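Topology and contacts: notes
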Amino acid sequence: MKKLIALVLTLTLALSLAACGSADKKTIKVGATPAPHAEILETVKESLAADGWTLEIVEFDDYVLPNTALSEGQIDANYFQHITYMNNFNVEYGIHMVSAAGIHYEPFGLYAGKTASIDALPEGAQIAVPNDATNEARALLLLEQVGLISLAPDAGINATKADILDNPKKIEIVEMKAELLTTTLQDVDMAVINGNYAIGAGMKVADALAVEAADGTAAEAYVNVIAVMEGHENDAKIQALVKALKSDAVRAFIEETYAGAVVPLF
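Calculation notes
- Residues numbered from 1 in each chain as written.
- Predicted model: local features only at pLDDT ≥ 70, side-chain atom pairs only at ≥ 80, totals over all residues.
- Heavy atoms only, no water.
- Helix = DSSP H or I, 4+ residues; strand = E, 2+ residues; numbered from the N terminus.
- Buried < 20%, exposed > 50% of the residue type's maximum accessible area, 1.4 Å probe, protein only.
- Contact = heavy atoms within 4.5 Å.
- Areas by Shrake-Rupley, 256 points an atom, 1.4 Å probe, with all protein chains shown as cover.
- Phe/Tyr/Trp six-rings, centres within 6.5 Å; stacked < 30°, edge-to-face > 60°.
- Pairing = 2+ DSSP bridges.
- Axes fitted to C-alpha atoms, helices over the stretch in contact; angles between N-to-C directions.
- Salt bridge = Lys/Arg side-chain N within 4 Å of Asp/Glu carboxyl O.
- Core = buried A, V, L, I, M, F, W, Y, C linked by side-chain atoms within 4.5 Å.

1. Some details on the overall build of the chain
Regarding its fold elements, the chain presents ten helices and 13 strands. For the chain, buried positions account for 47% of its 266 residues. For the chain, long-range pairs separated by at least 24 residues make up 74% of all intrachain contacts whose partners lie at least 6 apart in sequence. Element-wise, carbon and sulfur atoms account for 55% of the exposed surface of the chain, whose accessible area totals about 12900 Å².

What follows is the structure in structure tokens.
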């Protein structure tokens, strides 16, 4: 009798584990920053469910943890970063993420803090920029675009403060974490703010004093991607996620919701 009970318990456990394993295979766990990425992901939950997939969205408030969570296998993919940031992160941390698909582009904006216009900027004005390498370069390129600084001709998307050749107003570039730019805007004259944090703070790209031009290399260099660990880009769950995101419904949602602050690239 004891042997029979033990056998039944063993079989029950095995079936339970098999069921869990099957459920895990039909769950897509994606890390994302709240806006716009998690919001966009929310719109595809139903279509994925109709195909038998459960989408679980894990929200992060910074730019490091979504990648470490991915590399440690805590999530299947993440959707928060542009491809240049991902590539630099791979080099810095020695991991191997790849893009499963490019989804959208978020133009950077220069927003007013204590000073209301570019023309009114005083000598020695403070302009805050993101402190991670790729986004700081992007911010410096925008400041060059509006004529506040000049950069070394070969600086490009790798520009740093050391590449500033001309700074007629003696602008002080204040580096800080990207997630702090909106909350400290009132303390500086202006700030160059990442699209997702501007959206999260209720800021509109139409209110920016200047917006990154999208007719150069920006859209290509800063396309926001579905990032996965190398070798998983063709997994069924990842392909299902990409298919759901690259839909007419998602395109319409992006265009109607973000008014140019998010631009679909599919």
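2. A word on the packing of aromatic side chains
Summed over all chains, the structure comprises seven aromatic pairs. Ring centres of Tyr63 and Tyr85 lie 5.8 Å apart, and the angle between their planes is 65°; this geometry places the pair in the edge-to-face category. One end of the pair, Tyr63, is in the loop between strand S2 (54–59) and helix H4 (65–71); the other, Tyr85, is in helix H5 (residues 83–93), and 22 residues separate them in sequence. Across the pair, exposure class does not vary: Tyr63 and Tyr85 are buried alike. Taken together, Tyr63, Phe80, Tyr85, Phe89, Tyr93 and Tyr197 form an aromatic cluster joined through their ring pairs.

3. Topic: the sheet that holds strand S13 (residues 263–264)
Strands in a sheet are paired, the pairing made by backbone hydrogen bonds, and the direction either parallel or antiparallel. Strand order in the open sheet formed by six strands is S2-S1-S3-S12-S4-S13, with mixed pairing between adjacent strands. The open sheet terminates on both sides in strands that have one partner only, identified here as S2 and S13. Sheet topology note: the strand S1 (residues 27–32)/S2 ladder contains six bridges and is parallel. Its bridge partner being in S2, Thr27 is matched across the sheet by Thr54. Helix H2 (residues 34–42) contacts S1, S2, strand S3 (77–82), strand S4 (97–105) and strand S12 (224–229) of the sheet and is inclined by roughly 170° relative to S2.

4. Comments concerning the pattern of salt bridges
Under the defined criterion, the tally for this structure stands at five salt bridges. The partner of Glu212 in a salt bridge is Arg138, and the shortest N-O contact between them spans 2.7 Å. Here Arg138 lies in helix H6 (residues 133–145) and Glu212 lies in the loop between strand S11 (210–211) and helix H8 (218–221), a separation of 74 residues in the sequence. Considered together, Glu212 and Arg138 belong to a single accessibility category, that of buried residues.

5. Side note on the pairing of strand S5 (residues 109–112)
Strand direction decides the pairing type here: S5 and strand S10 (residues 190–193), joined by four bridges, are antiparallel. Of the residues in S10, the one forming a bridge with Ala112 is Met190.

6. With respect to the side chain of Asn224
Take Asn224: it is sitting in strand S12. With residues near it in sequence (within four places) discarded, Asn224 still touches His37, Tyr79, Phe80, Gln81, His82, Ala101, Gly102, Ile103, His104 and Glu106.

7. As for the nonpolar core
The biggest cluster of nonpolar side chains holds 62 residues, and the ones touching the most others in it are Leu41, Leu48, Leu55, Ile226 and Leu241. Ranked by residues supplied to this core, first place goes to helix H9 (residues 236–245) with six residues. Apart from residues lying up to four places away in sequence, Leu55 is in contact with Ile28, Val30, Leu41, Val44, Lys45, Leu48 and Leu241. By size, the runner-up hydrophobic cluster in this structure holds 23 residues, among which are Leu121, Ile127, Ala139 and Ile149.

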